[in-house]
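Spelled out from the first residue to the last, the chains are:
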Amino acid sequence: MQPRSDVVPPFVHIPPTRAAARAVDAVKVYGTDLTEVRALNGLNVEFERGRFSAIMGPSGSGKSTLLHCLAGLDSLTSGEIWLGDVELGVLSERELTMLRRDRVGFVFQAFNLIPTLSAAENVTLPMDLAGRKPDADWLGTVIDTIGLRDRLTHRPSELSGGQQQRVAAARALASQPEIVFADEPTGNLDSRSGLELLGFVRRAVDEFGQTVVMVTHDAVAASHADRVVFLADGRIVDEMLEPTAPRILDRLKRLGG
């Protein structure tokens, strides 16, 4: 298959069977007439299974809109979003809710932990709400990986920001989702806590085959990914494999980021 015209070569095409998520001719418009804003403008992109991908671009480039549409948290004006072999646009609201619950994990800049629940209860909350029993072995692996076994009985107010974000990441992984979407996950963390979280995410990909797609403005955070996709004006304009922070910063400067 030839690269689409809106993608600057080189463009790595991922066969559909290996794409955990993809957007096809994605358009997202906010407002009308004089107030119209095209957050996504005919965008095409695919994200491979078992890989850590980062999405970057200048403010207003559409990166968070893309992530939210990929995750089923927002809908397109036109085009298609696929998670695996499921097109989100044909699902009912109930089916979409079930898909997000059963197949998708989320990590946001705000930790979104329930303050009255312990760390352990927050980790298993999505499965508890779904009436599913956690896989004990996998749950133990996730808990040991985040390094907070001695803090599982503590409530969020008794944890540091970095510890809370690691609990949020563990919650995203505990249900063994097909894909995890992370929106500026290190945005509220100090540099040390941010690096700890990114190390955890990197290990989840390398050791457990997890698929992660992360939006970030931080070149150091993005350098932990296998691939960085760059947006501008609602389109994919470039990408980078085996990224490093200096190379990412140079690319962002050229994009006006």
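Please refer to the structure higher up on the page.
What comes next concerns the included structure.

As for the overall build of the protein chain
Broken down by element type, the protein chain carries 8 helices and 10 strands. Taking 2.2 N^0.38 as the reference for a compact globule, 257 residues should give roughly 18 Å; the C-alpha atoms of the protein chain span a radius of gyration of 18 Å, in line with that estimate. Structurally, the protein chain occupies a C-alpha span of about 50 × 45 × 40 Å along its principal axes. Residues counted as buried form 52% of the 257 residues belonging to the protein chain.

Here we look at the packing of aromatic side chains
The way to describe two aromatic rings as a pair is by their centre distance and the angle between their planes. Using the criterion set out here, one finds 2 aromatic pairs in the structure. Note on Phe106 and Phe108: the rings are 5.8 Å apart at their centroids and 10° apart in plane angle, and the pair reads as stacked. A ring pair is formed by Trp138 and Phe208, whose centres lie 5.1 Å apart and whose planes are at 80°; its orientation type is edge-to-face. Here Phe208 lies in helix 6 (residues 191–208) and Trp138 lies in helix 4 (residues 136–146), a separation of 70 residues in the sequence. What makes Trp138 buried here is its relative accessible area of 15%. By relative accessible area, which is 29% here, Phe208 ends up partly exposed. The ring of Trp82 carries the charged tip of Arg22 above its face, separated from the ring centre by 4.8 Å.

Digging into the pattern of salt bridges
For the structure on display, the rule yields 15 salt bridges. Asp144 is the partner of Arg149 in a salt bridge, and the nearest nitrogen-oxygen pair spans 2.7 Å. Through salt bridges with shared partners, one network takes in Arg101, Asp102 and Arg132.

Some remarks on the pairing of strand 2 (residues 37–48)
Examined bridge by bridge, strand 1 (residues 19–30) and strand 2 share 9 bridges and lie antiparallel to one another. The residue bridging Tyr30 from the neighbouring strand is Val37, located in strand 2. Once strand 1 ends, the chain turns through 6 residues before running back antiparallel as strand 2, passing Gly31 with a positive phi of about 80°.

Observations regarding the pairing of strand 6 (residues 104–108)
One face of the sheet, then the other: side chains in a regular strand alternate in exactly this way. In terms of burial, strand 6 is largely enclosed, as 4 of its 5 residues are buried. The pairing of strand 6 with strand 7 (residues 179–183) spans 5 bridges and is classified as parallel. Within strand 7, the residue paired with Val104 across the bridge is Ile179.

With respect to the side chain of Arg166
For Arg166, the location among the structural elements is in helix 5 (residues 161–174). Residue contacts for Arg166: discarding those within four places in its chain leaves Ile146, Gly147, Leu148, Glu196, Leu197 and Phe200.

Conventions we followed
- Residues numbered from 1 in each chain as written.
- Predicted model: local features only at pLDDT ≥ 70, side-chain atom pairs only at ≥ 80, totals over all residues.
- Heavy atoms only, no water.
- Helix = DSSP H or I, 4+ residues; strand = E, 2+ residues; numbered from the N terminus.
- Rg over C-alpha atoms; globule rule 2.2 N^0.38 Å.
- Buried < 20%, exposed > 50% of the residue type's maximum accessible area, 1.4 Å probe, protein only.
- Phe/Tyr/Trp six-rings, centres within 6.5 Å; stacked < 30°, edge-to-face > 60°.
- Lys NZ or Arg CZ within 6 Å of the ring centre and 35° of its normal.
- Salt bridge = Lys/Arg side-chain N within 4 Å of Asp/Glu carboxyl O.
- Pairing = 2+ DSSP bridges.
- Contact = heavy atoms within 4.5 Å.

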